[in-house]
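Reading the structure
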Number of protein chains: 2
Amino acid sequence: MPTPHYGQPRYRVIADELRRRITNAVIPPGSLLPTESALTAEFRASRGTIRQAIALLRDERLVATEHGRGTYANPDHSHKDSPEEGPQVERRQRQVLADPELAALFAVEVGTTLVEQQDVTRINGAVRAVARVYRLQRASQ
Amino acid sequence: MPTPHYGQPRYRVIADELRRRITNAVIPPGSLLPTESALTAEFRASRGTIRQAIALLRDERLVATEHGRGTYANPDHSHKDSPEEGPQVERRQRQVLADPELAALFAVEVGTTLVEQQDVTRINGAVRAVARVYRLQRASQ
DNA sequence: AGAAATTTGTCCGTATGTATC
DNA sequence: AGATACATACGGACAAATTTC
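Residues numbered from 1 in each chain as written. Chains lettered and ligands numbered in written order. Predicted model: local features only at pLDDT ≥ 70, side-chain atom pairs only at ≥ 80, totals over all residues. Heavy atoms only, no water.

**With respect to the overall build of chain A**
This is how it is decided: Only DSSP runs of H or I with at least four residues qualify as helices, and only runs of E with at least two residues qualify as strands; both kinds are numbered from the N terminus onward. Two residues form a contact once any of their heavy atoms are found within 4.5 Å. Per-residue and other accessible areas follow the Shrake-Rupley method at a 1.4 Å probe size, with only the shown protein chains counted as cover for residues.
For chain A, the count of helices and strands is four helices and five strands. Counting contacts in chain A only where the partners sit at least 6 residues apart, residues at least 24 apart contribute 48% of the total. As presented, chain A carries roughly 9,300 Å² of accessible surface, and 52% of it is formed by carbon and sulfur atoms.

**Thoughts on the confidence of the model for chain A**
Residue and element names in this part refer to chain A. The line we're drawing: Within a predicted model, pLDDT stands for the predictor's per-residue confidence, ranging from 0 to 100.
Model confidence for chain A is summarised by a mean pLDDT of 82, while 82% of its residues fall at 70 or above. The weakest mean pLDDT in chain A belongs to strand E1 (residues 63-66) at 87; the strongest belongs to helix H4 (residues 100-106) at 95. Every residue in residues 1-5 scores below 50 in pLDDT, and together they form zero contacts with partners more than four places removed in sequence or on other chains. Contacts from residues 77-84, a stretch scored under 50 in pLDDT, to residues over four places away or in other chains number three contacts.

**Description of the side chain of Arg132 of chain B**
To be explicit about the condition: Each residue is placed in one exposure class: buried if its accessible area under a 1.4 Å probe, protein chains only, is under 20% of its type's maximum, exposed if it is over 50%, and partly exposed if it falls in between. Any N or O atom pair separated by 3.5 Å or less is treated as a polar contact, with the protein-specific requirement of one donor-capable and one acceptor-capable atom, and with residues adjacent in sequence counted only for side-chain atom pairs.
Turning to its location among the elements, Arg132 of chain B is positioned in strand E5 (residues 126-136). Judged by its relative accessible area of 5%, Arg132 of chain B is buried. A polar contact is formed between the side chain of Arg132 of chain B and the side chain of Glu101 of chain A, at a distance of 3.5 Å. In this structure the side chain of Arg132 of chain B is engaged in a polar contact, spanning 2.8 Å, whose partner is the side chain of Gln118 of chain B. For Arg132 of chain B, the residues in contact, after removing those within four places along its chain, are Glu101, Leu102, Val130, Ala131, Arg132 and Tyr134 of chain A together with Arg94, Glu116, Gln117 and Gln118 of chain B.

**Description of the domain arrangement of chain A**
Convention followed: Domain boundaries shown here were taken from an automatic or database domain assignment.
Its domain assignment divides chain A into domain 1 (10-73) and domain 2 (88-136). If you average the C-alpha positions of domain 1 of chain A and of domain 2 of chain A, the two centres end up 37 Å apart.

Next comes the structure, spelled out in structure tokens:
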């Protein structure tokens, strides 16, 4: 068979199927996925395609791969039975003292009080990004 | 042809070199990187290896790829032709080591390499805000 | 408008290196 | 030491989006 990939690419279809099995606990949390060669046989895809699919799940932190061992499902078991889906953001604000780099940027003395706002973005409980925004403290009148 | 990868894998070495050129403006912001086949010739690596290197930079948001067009360096066209007085943003990426606080958030070891993206927003030349976003660096594939 | 060339995207098959058991 | 499994790398083929003529 040539290489037709109308619509969804093969590796995405395979990733979707594996994701379904993991979220439905067909592949239980903490257990090993089938080996790459087993998946190669099951999906009739090449190893490269299987690895592309697994790489997608790895980016979602849905699996974790260990060299020479295998690929584990759901490594972070924050299993509070909370069916969270979309990203969740925690926002926190605090005062910090300007280090030399920030002081130079804001053109203030080192040690000047700055306001730091920190946003922690989580996807499925795993931290995806930490954003910190620094501003000068607002001069009150 | 054998496939030795002593020490650093080739795609990582190539990614490091391309990252250097971009941050040193040897490849100016907004410009196109050499095509995959050109990079194949220059580094004498297969196309797959070149694409692996570029994928790393894409994960760092250091480049952006468009199907049929090419891969752009530093996709942050913040300066248009119009001399606006609005806020101007300078974006910069660098790799930093996780301090204890970030390590705890990302659930990684202290010293793990993170990607930091810093945006400095200026209004009329004065720094108004400094934003730093931290993300995990993609491990492999 | 249309065909050709260019460039990235997907997929395959294979070979070899490296880590774990 | 041997077997198993993932990691890296090569080369070839065709698909799809864009640009060029």
